[in-house]
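# Architecture and fold: a report
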Amino acid sequence: MLNNMNIHKEKVIKFVKKNKVVTSSEVAKFFKISWNTADKYLLELALDGKIERIKKEGVNLWMLK
């Protein structure tokens, strides 16, 4: 059974897939969660090898691998 975090991660993956490239702020705004929570989910997805982070001029850009 999926726990809450896995459910959220799946939703974040769908959001990234739909939008191609997203920022942590866009994810936070869309899901009505804090920037820190959004960034945590995105970092964990990157560690899981599902998405990729690109650092650009003070902002992290996230996309599917």
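This text follows the structure it describes.
The following paragraphs examine the structure supplied in this document.

The rules behind these values
Residues numbered from 1 in each chain as written. Predicted model: local features only at pLDDT ≥ 70, side-chain atom pairs only at ≥ 80, totals over all residues. Heavy atoms only, no water. Helix = DSSP H or I, 4+ residues; strand = E, 2+ residues; numbered from the N terminus. Buried < 20%, exposed > 50% of the residue type's maximum accessible area, 1.4 Å probe, protein only. Contact = heavy atoms within 4.5 Å. Arc of directions from axis to C-beta. Pairing = 2+ DSSP bridges. Axes fitted to C-alpha atoms, helices over the stretch in contact; angles between N-to-C directions. Lys, Arg positive; Asp, Glu negative; His and termini not counted. Salt bridge = Lys/Arg side-chain N within 4 Å of Asp/Glu carboxyl O. Polar contact = N/O pair within 3.5 Å; in protein donor to acceptor, adjacent residues only side chain to side chain.

Attention shifts here to the environment of D39. Looking at where D39 falls in the secondary structure, it is placed in helix α3 (residues 35-47). In this structure D39 comes out as buried when scored by relative accessible area, which is 11%. Remark: the alpha-carbon pair of D39 and I13, spanning 26 residues in sequence, is separated by 13 Å. Residues contacting D39, with those up to four places away along its chain left out, are S24, N60 and W62.

Among the residues making up helix α2 (residues 24-31), those that are buried are S24, V27 and A28. Buried residues of α2, seen end-on, are gathered within an arc of 100 degrees and therefore sit on one face of the element. Contact partners of the buried residues in α2: α1 (4-19), β1 (21-23), α3 and β3 (59-64). Phi turns positive one or two residues past the end of α2, at K32, with a value near 55 degrees.

It is worth spelling out the sheet that holds β3 at this point. Pairing within the open sheet is antiparallel, and its three strands lie in the order β1-β3-β2. For this open sheet the edge positions go to β1 and β2 (51-56), each flanked by a neighbour on one side alone. Direction aside, neighbouring strands of the sheet carry axes that sit 30 degrees apart on average. Bridge analysis of β2 against β3 gives six bridges, and the strand direction is antiparallel.

All right, on to the side chain of D39 then. Despite being buried, D39 has no salt bridge partner; R53 is the closest side chain of opposite charge, sitting 6.0 Å away. A polar atom in the side chain of D39 sits 2.7 Å from the side chain of S24.

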